[in-house]
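Next come the chains, spelled out residue by residue.
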Number of protein chains: 2
Amino acid sequence: MVAPERRRRVTISDVAKHAGVSKAAVSKVIRNDYGVSQAMRDRVKRAIDELGYRPQAAARALRGRAFTIGVLMQHIGIPFYAEIVTGLVDELAESEYQAIMIQGGTRDKTEKRAIDALIDRQVDGILMIAPLAARTHLEQVAREIPTLVLGRHDRSPAYDSIVDDDRVGSELVMEHLIGLGHRRIGHITFDKEHGQAADRTPQIRAETYERVMREHDLAGEIAVATTSYTEEGGYDGARELLGRSPRPTAIFAGSDEAALGVLAALHEAGLSVPGDVSVAGYDNTKLAAHPNIALTTVNQDGVVMGRTAGRLLLERIEGRTSAAHFSVIPSLVVRRSTASPRPCPAGTETQMPARTVRDVTAADAVRRRG
Amino acid sequence: MVAPERRRRVTISDVAKHAGVSKAAVSKVIRNDYGVSQAMRDRVKRAIDELGYRPQAAARALRGRAFTIGVLMQHIGIPFYAEIVTGLVDELAESEYQAIMIQGGTRDKTEKRAIDALIDRQVDGILMIAPLAARTHLEQVAREIPTLVLGRHDRSPAYDSIVDDDRVGSELVMEHLIGLGHRRIGHITFDKEHGQAADRTPQIRAETYERVMREHDLAGEIAVATTSYTEEGGYDGARELLGRSPRPTAIFAGSDEAALGVLAALHEAGLSVPGDVSVAGYDNTKLAAHPNIALTTVNQDGVVMGRTAGRLLLERIEGRTSAAHFSVIPSLVVRRSTASPRPCPAGTETQMPARTVRDVTAADAVRRRG
DNA sequence: GGAAAAATGTGTACCGGTCTACGACATTAC
DNA sequence: GTAATGTCGTAGACCGGTACACATTTTTCC
């Protein structure tokens, strides 16, 4: 067997020669530039097809664009991030741009390396999902490359941003629980001491929890456990809240991850859900939807966020200079983990619709902000 | 406020000028090339630090390497893929290479576009996780760029490959169930009719199931439902198996996804797990580990696979031409979804350790194959 | 001490595109 | 008929690196 001789790739010069025109002409056709006759266009396009030519991104990047959008995320295994990427990829599908993902990890140092890697690869735009970096660093990056930050509440005129409206989401949960008749509602949050919190999300959720409690004259029932938004954090937080007397009849965990820990703690304590304690989360992760878990939670439409991100980035690349900030309205997903505090007649299970999603349309869900 | 004037990036020429040497010298230092004195090295390195220079990947790619490994996957939200990437990133951390991920989607066309995108971006190596493409196409890609295919059983001398040893994994499940005393064990598999199956994985699992049944003189009890490896497939398959009389006391679903569907179907039928029916899956997804699900399943060490993939790709890039094929030995994770078929005395729950993972060390888990 | 060998640094042609400047030609205006 | 304008195509510099060829030292060895 002959060694597989690596055949040289077809270049723009090959196409030019094959079509009997100049390199410049081919380039113009590829980029849909001005100053090409229809005849020329057809001719070049035929040559491109015949040779199976595809421009090399690296060469293009050197002078013009790389036609690449870089997406930075801590970890690729997070379902919500996957939704965002789905939306982004969807939006970019019609364009010539390609999305590439890079893992930044959970440490400042590794994230910086990842961001640098994207810049070094000349991406045309960067979508940062919940980055750890300091705001000044983000602004510095944005000065070099169109940047969109998703999931952080600290806006900047230097870059676009998209966030979930955590106020609305938290209100939805609280009004739901209170509407069911709960009064002793606990909350699990976290602060900087317990992990990397470059963002105010937990604060907003906790503040809203307290505000709604007060608005319903339940200030005396406020009970917050400050741990972290992880399964362990939820577990610890739940144990703390359950230790109080009287114990809460409902727990609003700041995140689904934490809510899973809460469920584990309740399971261990021999308490039933929602019979003894109702549980609600935030984020609508895939786990939350599973019938064996059936967690009431808040859904952020990641796909819409991703689509919007793609659109905004393309706009920026096309030259927009003013910053755009979007807030996406979440919706409540009621499942079987929440019910009225009074137990139902023995033997019958709470009859809540298993997967009622009060969805808003994409158009409603996104609203432009000042 | 002054418009943020985009400052020109520091280039190799800037460094050369600042250090008072030639471009070529700087390039040599960067690449650790032969023919540089220690004095020169120090001088250039200082200049690099002082200016904060980082080479531009696009420019490097044009002539030499891009220092980029491309990872193709259907979807970034799959936890097992995330593990692989973790291992890969870990392995690459010491090198100068960076991993970028790209979504291929679930259709041939979108996958092809993604692969082309990687090639156009001049990546130095491609890791394809369970690609859909035909073998000939993969070989064609491998002729251009060092390629490693993960999770497909069809080897080729053109590219390296890493697979889970599905025979061993399936044996582990079956021996476990039979060891518990089960005889009527059903299996859920899928075939090409029910989805994209470029690979023989389901076949191997199903064949092993049947073989082990026969080896234990249980040929008469063999019951296979052919649906798909999805939650819906598991649901449908379980309903089919449960319809038989007598119904199986255990179900070995070909994948965790399918197992989740099985659980849903059992739940709906009012059957308890593992009291009435034991359930085992394959893949050890994150869901399977959750206490509310606690599924007995087979764990493939994705991190080890990723690390191995990284090492093999770097070897290839360095010039290895012979193909390497690795098989990773999985391990059984026993959780609460499996127990002996005879119900325990009423009131006590089956006492199985919740999260016993019989782990093999990384060294044992990977073994080289002809 | 002198020749051969090794070590070190530089000049410069690339890589494959993009893009500006410019020339040739056609069309319209006066 | 000539000038002005517009359309179309090409030449060639350029992007920021790499790597080869070569000149110039320095070292090694008799």
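Residues numbered from 1 in each chain as written. Chains lettered and ligands numbered in written order. Predicted model: local features only at pLDDT ≥ 70, side-chain atom pairs only at ≥ 80, totals over all residues. Heavy atoms only, no water.

As annotated in an unreviewed UniProt entry, chain A is LacI family transcriptional regulator from Nonomuraea turkmeniaca.

J.: Would you mind showing me how to read the overall build of chain A here?
T.: What chain A contains, in helices and strands, is 14 helices and 14 strands. A total of 370 residues make up chain A; the buried ones form 54% of that total. Working note: accessible area of chain A is about 16800 Å², and carbon and sulfur atoms make up 50% of it. (Helix = DSSP H or I, 4+ residues; strand = E, 2+ residues; numbered from the N terminus. Buried < 20%, exposed > 50% of the residue type's maximum accessible area, 1.4 Å probe, protein only. Areas by Shrake-Rupley, 256 points an atom, 1.4 Å probe, with all protein chains shown as cover.)

J.: Just checking my understanding: could you explain the environment of H216 of chain A for this structure?
T.: Residue and element names in this part refer to chain A. Take H216: it is sitting in the loop between helix 9 (201-215) and strand 7 (223-227). C-alpha separation for the pair H216 and R183, spaced 33 residues apart in sequence, amounts to 9.1 Å. Discounting chain neighbours no more than four positions away, the residues touching H216 are E175 and I178. (Contact = heavy atoms within 4.5 Å.)

J.: Can you walk me through the protein's contact with DNA strand D in this structure?
T.: Around DNA strand D there are 25 residues in total, and Y34 of chain A together with I12, S27, R31 and Y53 of chain B lie nearest to it. Considering DNA strand D, the proportion of its atoms within 4 Å of the protein that are sugar or phosphate atoms stands at 66%. With respect to DNA strand D, the side chain of S27 of chain B contributes an N or O atom lying 2.6 Å from a phosphate oxygen. Side-chain polar atom of Y53 of chain B to a sugar or linking oxygen of DNA strand D: 2.8 Å apart, as the coordinates give it. Those elements giving two or more residues to the surface near DNA strand D turn out to be helix 2 (23-31) and helix 4 (57-63) of chain A together with helix 2 (23-30) and helix 4 (57-63) of chain B. Top element by residues in the surface near DNA strand D is helix 4 of chain B. It accounts for four residues. Split by residue class, the surface near DNA strand D holds 13 nonpolar, six polar and six charged. (Near = heavy atom within 4 Å. Polar contact = N/O pair within 3.5 Å; in protein donor to acceptor, adjacent residues only side chain to side chain. Nonpolar A, V, L, I, M, F, W, Y, C, P; charged D, E, K, R; others polar.)

J.: Mind showing me how you'd approach the sheet that holds strand 6 (residues 185-190) of chain A here?
T.: Adjacent strands of a sheet form backbone hydrogen bonds with each other and so pair up, either parallel or antiparallel. Residue and element names in this part refer to chain A. Here we have four strands laid out as an open sheet, ordered 7-6-8-9, and parallel in their pairing. Each end of this open sheet is capped by a strand with a single partner; those strands are strand 7 and strand 9 (278-280). Here the average twist between neighbouring strands, direction ignored, is 20 degrees. For strand 6 and strand 7, the ladder comprises five bridges, and the chain directions are parallel. Across the sheet, residue F190 finds its bridge partner in strand 7, namely T227. Sitting on the sheet, helix 8 (residues 166-180) touches strand 6, strand 8 (250-253) and strand 9, and the angle it makes with strand 8 is about 175 degrees. (Pairing = 2+ DSSP bridges. Axes fitted to C-alpha atoms, helices over the stretch in contact; angles between N-to-C directions.)

J.: Before we go on, may I ask you to explain the protein's contact with DNA strand C in this structure?
T.: What surrounds DNA strand C is a group of 25 residues, the closest being I12, S27 and R31 of chain A together with Y34 and S37 of chain B. The share of sugar and phosphate among atoms of DNA strand C within 4 Å of the protein is 64%. For DNA strand C, a phosphate oxygen lies 3.1 Å from a polar atom in the side chain of R60 of chain A. Between DNA strand C and the protein, one listed contact pairs a base nitrogen with a side-chain N or O atom of K28 of chain B at 3.2 Å. Every element with two or more residues in the surface near DNA strand C is listed here: helix 2 and helix 4 of chain A together with helix 2 and helix 4 of chain B.

J.: Honestly, the sheet that holds strand 7 (residues 223-227) of chain B in this entry has me stumped. Any pointers?
T.: Residues and elements named next belong to chain B. With parallel pairing, four strands are arranged side by side in an open sheet as 7-6-8-9. Two strands in the sheet have a free side with no partner beyond their single neighbour: strand 7 and strand 9 (278-280). Across the sheet, the mean angle separating the axes of adjacent strands is 20 degrees when strand polarity is ignored. Where strand 6 (residues 185-190) meets strand 8 (residues 250-253), four bridges bridge the pair, whose relative direction is parallel. Bridging across to strand 8, G186 finds its partner in I251. Here helix 8 (residues 166-179) sits on the sheet in contact with strand 6, strand 8 and strand 9, set at roughly 175 degrees to strand 8. Against the sheet, helix 10 (residues 231-243) touches strand 6, strand 7 and strand 8, its axis set at about 145 degrees to strand 7.

J.: Explain the pairing of strand 12 (residues 331-334) of chain B to me, please; I cannot follow it from the model alone.
T.: Here is the key point about a regular strand: its side chains alternate between the two faces of the sheet. Residue and element names in this part refer to chain B. Burial along strand 12 is two-sided: the residues S331 and V333 and L332 and V334 are all buried. Where strand 10 (residues 297-299) lies against strand 12, three bridges are found, and the strand directions are antiparallel. Bridge pairing links V298 to L332 in strand 12.

J.: In this structure, what is going on with the interface of chain A and chain B? I would like to understand it.
T.: Often, the extent of an interface is quoted as the loss of accessible area on bringing the components together. On the side of chain B, 58 residues touch chain A, which itself brings 58 residues to the contact. Contact with chain B buries area across many residues of chain A, yet I76, R113 and R121 of chain A alone supply 13% of it, more than any other trio. Viewed at the interface, chain B and chain A are joined by six salt bridges. In this assembly, chain A and chain B are joined by 20 residue pairs in polar contact (both at pLDDT 80 or more). Grouping the constituent residues of the side of chain A that touches chain B by class yields 34 nonpolar, 11 polar and 13 charged. (Buried area = accessible area lost by both parts, 1.4 Å probe. Salt bridge = Lys/Arg side-chain N within 4 Å of Asp/Glu carboxyl O.)

J.: Would you mind going over the relation of the copies chain A and chain B with me for this structure?
T.: A rotation about some axis, followed by a shift along it, carries one copy of the chain onto the other. Note on the copies: chain A fits chain B at an RMSD of 0.1 Å, the axial shift is 0.0 Å, and the rotation between them is 180 degrees. A rotation of that kind, with that shift, is consistent with a two-fold axis. The share of interface residues of chain A whose copies in chain B are also at the interface is 98%, consistent with both copies meeting through the same surface. (Least-squares fit on C-alpha atoms with pLDDT ≥ 70 in both.)

J.: I tried to follow the packing of aromatic side chains on my own but got confused; where do I start?
T.: Residue and element names in this part refer to chain A. Taken as a whole, this structure holds six aromatic pairs over all chains when the rule is applied. Taking 5.2 Å as the distance between ring centres and 55 degrees as the angle between the ring planes, the aromatic pair formed by F67 and Y97 counts as tilted. Taken together, the residues F67 in the loop between helix 4 and strand 1 (68-73) and Y97 in the loop between helix 5 (79-92) and strand 2 (98-103) connect sequence positions 30 residues apart. Both residues of the pair, F67 and Y97, count as buried. With a centroid separation of 4.7 Å and 40 degrees between ring planes, the pair formed by F190 and Y229 is classed as tilted. Remark: Y229 occurs in the loop between strand 7 and helix 10 (231-243) and F190 occurs in strand 6; sequence separation between them is 39 residues. Given a relative accessible area of 16%, Y229 falls into the buried group. Note that R205 overlies the ring of Y282, its terminal NZ or CZ placed 3.6 Å from the centroid. (Phe/Tyr/Trp six-rings, centres within 6.5 Å; stacked < 30°, edge-to-face > 60°. Lys NZ or Arg CZ within 6 Å of the ring centre and 35° of its normal.)

J.: Before we go on, may I ask you to explain the pattern of salt bridges in this structure?
T.: It is possible for side chains bearing opposite charge to pair when their charged atoms get close. Across all of its chains, the model carries 46 salt bridges over all chains by this definition. Residues R205 of chain A and D283 of chain A are paired through a salt bridge, measuring 3.7 Å at the closest nitrogen-oxygen approach. Taken as a pair, R205 of chain A in helix 9 and D283 of chain A in the loop between strand 9 and helix 12 (286-289) lie far apart in primary sequence, 78 residues in all. According to the relative accessible area criterion, R205 of chain A is buried, its value standing at 4%. The salt bridge involving R239 of chain A is made with E268 of chain A; its shortest N-O contact spans 3.2 Å. Separated by 29 residues along the polypeptide, R239 of chain A in helix 10 and E268 of chain A in helix 11 (residues 256-268) bring together distant segments of the chain. Bridged by salt links that share partners, the residues R9 and R54 of chain A together with K112, D116 and D120 of chain B form one connected network.

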